[in-house]
Amino acid sequence: EDQVTQSPEALRLQEGESSSLNCSYTVSGLRGLFWYRQDPGKGPEFLFTLYSAGEEKEKERLKATLTKKESFLHITAPKPEDSATYLCAVQAYDSNYQLIWGAGTKLIIKP
Amino acid sequence: NAGVTQTPKFRVLKTGQSMTLLCAQDMNHEYMYWYRQDPGMGLRLIHYSVGEGTTAKGEVPDGYNVSRLKKQNFLLGLESAAPSQTSVYFCASSKTAAGENTEAFFGQGTRLTVV
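Topic: the overall build of chain A
Phase 1: In terms of helices and strands, chain A carries 0 helices and 11 strands.
Phase 2: Reading chain A from its N end, one meets helices and strands in the order β-β-β-β-β-β-β-β-β-β-β.
Phase 3: Per-residue burial over chain A gives 47% buried out of 111 residues.
Phase 4: Within chain A, residue pairs in contact and separated by at least 24 positions form 55% of the contacts whose partners lie at least 6 positions apart.
Phase 5: Summed over its atoms, the accessible surface of chain A is roughly 5500 Å², and 47% of this surface lies on carbon and sulfur atoms.

Quick look at the structure:
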């Protein structure tokens, strides 16, 4: 069964304290892995798509990496405005293009 | 540029009542989706559409119906609301479903409570 697990459920950091969020997945064949950011009371906002192991993408203080079993979202020197819930989703080749979503990691950056 | 717009933003229904959630996108996207989001769970796909006039079932379609009469609109109907349908509903659209441009654009959500 296709499955996506995100950890930790919640993460509190001080401003400037770098860390990583994890997305572990089990799919028959990975078509793509997606990262989204969701602010309270809003819809998810797209961040990255990764397609193959070894691929990396960066955007400001965020860098996403992908292996055959998991993806990491690295946050370097975060600021309070990076506080949000980060969602991971995967698309498998046999999924009819549907996404399987993780429950998310709630990130809180304290000033 | 409005993107994806959902109406209403909030709604309270009594058990057994029906309602329709409206989603409109102005990006000329072919693909549209309805998800529900519940605490501690990932987004779950209810129904989706791969183009005007088409609909397909997602992971949790029971108790819901959809229609895509116009390319820009995707309607989600609840036939007879149940407390288990209390959730936040998100509409999304994307240009494609695989490869490049698969990123989905989401509306701001509809918070539905069924009492």
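Read on for the rest.
What about the nonpolar core?
Phase 1: Tyr25(A), Leu33(A), Trp35(A), Leu73(A) and Tyr86(A) are the most contacted members of the largest nonpolar core, which has 25 residues in total.
Phase 2: Listed by contribution, the elements that provide at least two residues to this core are β2 (10–14), β3 (19–26), β4 (30–38), β5 (45–50), β7 (62–66), β8 (70–75), β9 (84–92) and β11 (105–110) of chain A.
Phase 3: Sorting elements by how many residues they give to this core places β9(A) first, with 5 residues.
Phase 4: Counting residues in hydrophobic clusters, the runner-up holds 19 residues, among them Val4(B), Met19(B), Leu21(B) and Tyr64(B).

Quick word on the pattern of salt bridges
Phase 1: Applying the stated rule across the entire model yields 7 salt bridges over all chains.
Phase 2: Here Arg37(A) makes a salt bridge to Asp39(A), at a shortest N to O gap of 3.0 Å.
Phase 3: In this structure, Asp38(B) engages Arg36(B) in a salt bridge whose closest nitrogen and oxygen atoms are separated by 2.9 Å. Of the two residues, Asp38(B) and Arg36(B), neither departs from the other in class, the shared state being buried.
Phase 4: Salt bridges linked by common partners bring Arg36(B), Asp38(B) and Arg44(B) together as one network.

What about the layout of surface pockets?
Phase 1: Of the voids in this model, the largest pocket is the one considered here, and its volume is about 770 Å³.
Phase 2: Gln38(A), Pro40(A), Gly41(A), Gln37(B) and Arg111(B) are the residues nearest the centre of the largest pocket, which is lined by 32 residues in total.
Phase 3: Element by element, the count of residues in the lining of the largest pocket is highest for strand β11 (residues 110–114) of chain B, at 4 residues.
Phase 4: A breakdown of the residues in the lining of the largest pocket according to their chemical character gives 12 nonpolar, 13 polar and 7 charged.
Phase 5: Of the voids in this model, the second largest pocket is the one considered here, and its volume is about 350 Å³.
Phase 6: The wall of the second largest pocket is formed by 16 residues, among which Asp2(A), Val4(A), Ile100(A), Trp101(A) and Glu59(B) lie closest to the centre.
Phase 7: Broken down by secondary-structure element, the contributors of at least two residues to the lining of the second largest pocket are β1 (3–7) and β10 (99–101) of chain A.
Phase 8: Examining the composition of the lining of the second largest pocket, we find that 4 residues originate from one element, β1(A), more than from any other.
Phase 9: Here the lining of the second largest pocket is composed, by residue class, of 7 nonpolar, 5 polar and 4 charged.

Some points on the interface of chain B and chain A
Phase 1: Taken together, the 22 residues of chain B in the interface contact 20 residues of chain A.
Phase 2: Summed over both partners, the interface of chain B with chain A comes to about 1500 Å²; 54% of that surface belongs to carbon and sulfur atoms.
Phase 3: Between chain B and chain A we count 0 salt bridges in total.
Phase 4: Our enumeration of links across chain B and chain A arrives at 2 residue pairs in polar contact (both at pLDDT 80 or more).
Phase 5: Of all the secondary-structure elements, those providing two or more residues to the side of chain B that touches chain A are β4 (31–37) and β5 (44–49) of chain B.

What to know about empty space enclosed by the protein
Phase 1: On inspection of all chains with the given rule, the structure shows 2 cavities of 30 Å³ or more.
Phase 2: Its volume calculated, the largest cavity comes out at about 110 Å³.
Phase 3: Lining the largest cavity we find 13 residues, and of these Gln91(A), Tyr97(A), Leu99(A), Tyr33(B) and Thr102(B) sit closest to its centre.
Phase 4: Roughly 40 Å³ of internal volume is contained in the second largest cavity.
Phase 5: Considering the residues around the second largest cavity, the lining is formed by Asn96(A), Tyr97(A), Gln98(A), Tyr31(B), Tyr33(B), Leu45(B), Tyr48(B) and Ala97(B).

Structural notes on the sheet that holds strand β7 (residues 64–67) of chain B
Residue and element names in this part refer to chain B.
Phase 1: Overall, antiparallel pairing links the 4 strands, which are arranged β1-β3-β8-β7 in an open sheet. Two strands bound the open sheet, and with one partner strand each, they are β1 (4–7) and β7. Across the sheet, the mean angle from the axis of one strand to that of its neighbour is 20°, orientation sign disregarded.
Phase 2: Bridging between β7 and strand β8 (residues 73–78) involves 4 bridges; their strand directions are antiparallel. Along β8, the bridge assignment pairs asparagine 65 with glycine 77.

Procedures and definitions
- Residues numbered from 1 in each chain as written.
- Chains lettered and ligands numbered in written order.
- Predicted model: local features only at pLDDT ≥ 70, side-chain atom pairs only at ≥ 80, totals over all residues.
- Heavy atoms only, no water.
- Helix = DSSP H or I, 4+ residues; strand = E, 2+ residues; numbered from the N terminus.
- Buried < 20%, exposed > 50% of the residue type's maximum accessible area, 1.4 Å probe, protein only.
- Contact = heavy atoms within 4.5 Å.
- Areas by Shrake-Rupley, 256 points an atom, 1.4 Å probe, with all protein chains shown as cover.
- Core = buried A, V, L, I, M, F, W, Y, C linked by side-chain atoms within 4.5 Å.
- Salt bridge = Lys/Arg side-chain N within 4 Å of Asp/Glu carboxyl O.
- 1 Å grid on protein atoms, 1.4 Å probe; cavity = no way out; pocket = protein on both sides within 12 Å on 5 of 7 lines; lining within 4 Å.
- Points joined across faces, edges and corners; volume = space filled by probe spheres on them.
- Nonpolar A, V, L, I, M, F, W, Y, C, P; charged D, E, K, R; others polar.
- Buried area = accessible area lost by both parts, 1.4 Å probe.
- Polar contact = N/O pair within 3.5 Å; in protein donor to acceptor, adjacent residues only side chain to side chain.
- Pairing = 2+ DSSP bridges.
- Axes fitted to C-alpha atoms, helices over the stretch in contact; angles between N-to-C directions.

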